[in-house]
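Okay, here's what each chain looks like letter by letter:
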Amino acid sequence: MNWKHIFTGAAVFALSAALLAGCGTEKAPSTDNAAEMGKIIVGLDDNFPPMGFKNEKNEIVGFDVDLAKEAAKRLGREVEFKAIDWSSKEAELKSGRVQILWNGLDITEKRKENMLFSNPYMDNRQIIFVKKGNTAVTDEKSLTGKTVGTQSAGTAEEYIDATDFYKNEVKEVKKYPDYVAAFMDLENGRLDAVVGDEIVGRYYMSKHPEEIEALDVVVGPMSEFGIAFAKDNTALRDEVQKVLDEMKKDGTMAKISTEWFTKDITK
C-alpha cells in the first residue's frame, strides 16, 4: 500500500518525527548482543584469587582482570566482567551471555571439544595443601583414608573423578564452589588436605602464612592456562591473541605478572 494515498504531506512529516523520537526510547542492547556493540563480556569466577576476585571495595580485581583490561584497551573495546557459576561456564559461553572465559582456565582436551582456546599464557600445577604442622600427609598416597577437598568444575576435580585411588582409597572427596571455601574448611579441621591449583593456593597461603602450607608434590598432569571463546568465534580469539602476543613482546605481561606474583611467571 502506498503511504501517499493515506496521509497528507503534513501527516507523513508528523509520523516521521514521531518515529525518530521513538528511537531514543529503545532498550539498551542485551548482554547477548553486546559483542556487536563493541563490548566484550568476560565471564569469571569472582572468588578465584589472584586471577579474579572481589576486593574489600567489592571491585573485581586480579591478574587475569588486569590482562583483560589491557587487551580490551588495545583493541579499543569496552570490557565488562560478569561473575558466573563456574560449573556452568561452557553453557554461558555457548549461549553468548559471555564472549570470553578469562580466569585461570586450564586447557584440556575435553574442554577443547566445546571451546576455542588462545595459546597458553601460564603454566599451572595441581598440588596438595595441608594445615600447617600436619605431618600425616606427605604425598598423594598418604591421602588414603583421609578427607580431601577441591573446587567443583576445576582441573583437579576432573583428575580426581577419573582416578580410582580417590574412589577406592580416599575416605571422602568434598567439592566446593571455590577454593577459598575449601581452604577455610582446611583451616578449621574439616579437611585433611586440599588438592588444587598451585597459583591460587600459594596466593591464599601468602594471606594465611600461619595456617596453610603446600607440599611440593604434583598431583596429576601439568596444565596450562588459556583464554576460552565460543567454538566458532575465531575472529575474537584472533583479535585477543594478537594483542596478547604484543603484550608479551613489549613486556607488559611480565610487568603485570610481577605486580601480582613478584616475578614473571607467564609463558
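Structure: above.
Here's what I pulled together on the structure shown here. (Residues numbered from 1 in each chain as written. Predicted model: local features only at pLDDT ≥ 70, side-chain atom pairs only at ≥ 80, totals over all residues. Heavy atoms only, no water.)

1. What about the environment of Asp 178?
Thought 1: Along the chain, the position of Asp 178 falls in the loop between strand S11 (172-176) and helix H7 (179-187).
Thought 2: Spatially, the C-alpha atom of Asp 178 lies 9.4 Å from that of Ala 153, the residues being 25 residues apart in sequence.
Thought 3: In this structure, Asp 178 is in contact with Asp 45, Asn 47 and Gln 151, ignoring residues within four places of it in sequence.
Thought 4: Within polar-contact distance, the side chain of Asp 178 engages the backbone nitrogen of Ala 181 at 2.8 Å. (Helix = DSSP H or I, 4+ residues; strand = E, 2+ residues; numbered from the N terminus. Contact = heavy atoms within 4.5 Å. Polar contact = N/O pair within 3.5 Å; in protein donor to acceptor, adjacent residues only side chain to side chain.)

2. A short note on the nonpolar core
Thought 1: Core analysis: the largest hydrophobic core is formed by 57 residues, its most contacted members being Ile 100, Trp 102, Ile 128, Leu 143 and Val 195.
Thought 2: Among the nonpolar cores identified, the runner-up in size contains 13 residues, and Ile 84, Trp 86, Leu 93 and Ala 153 belong to it. (Core = buried A, V, L, I, M, F, W, Y, C linked by side-chain atoms within 4.5 Å. Buried < 20%, exposed > 50% of the residue type's maximum accessible area, 1.4 Å probe, protein only.)

3. Quick word on the pattern of salt bridges
Pairing of side chains with opposite charge becomes possible as their charged atoms draw close.
Thought 1: Counted under the stated rule, the structure contains 21 salt bridges.
Thought 2: We note a salt bridge from Arg 190 to Asp 185, for which the minimum N-O separation is 2.7 Å.
Thought 3: By relative accessible area, Asp 185 is classed as buried at 14%.
Thought 4: Its salt-bridge partner being Asp 238, residue Arg 237 comes within 2.8 Å of it at the nearest N-O pair.
Thought 5: A residue is classified by how much of its surface remains accessible, and Asp 238, at 44% relative accessible area, is partly exposed. (Salt bridge = Lys/Arg side-chain N within 4 Å of Asp/Glu carboxyl O.)

4. Details of helix H8 (residues 198-207)
One full turn of an α-helix is made of 3.6 residues, so residues set three or four places apart face in the same direction.
Thought 1: Within H8, seven of the ten residues are buried, which leaves the element mostly enclosed by the surrounding structure.
Thought 2: Considered for burial, the residues of H8 that qualify are Glu 198, Ile 199, Val 200, Gly 201, Tyr 203, Tyr 204 and Met 205.

5. A word on the sheet that holds strand S3 (residues 52-54)
Thought 1: Read from one edge to the other, the open sheet built from three strands follows the order S2-S3-S4, with strand pairing classed as antiparallel. The sheet terminates laterally at strand S2 (47-48) and strand S4 (60-61), the two strands that pair on one side only.
Thought 2: Where S3 and S4 come together, two bridges link them in antiparallel fashion. Pairing of Lys 54 across the sheet is with Ile 60, part of S4. (Pairing = 2+ DSSP bridges.)

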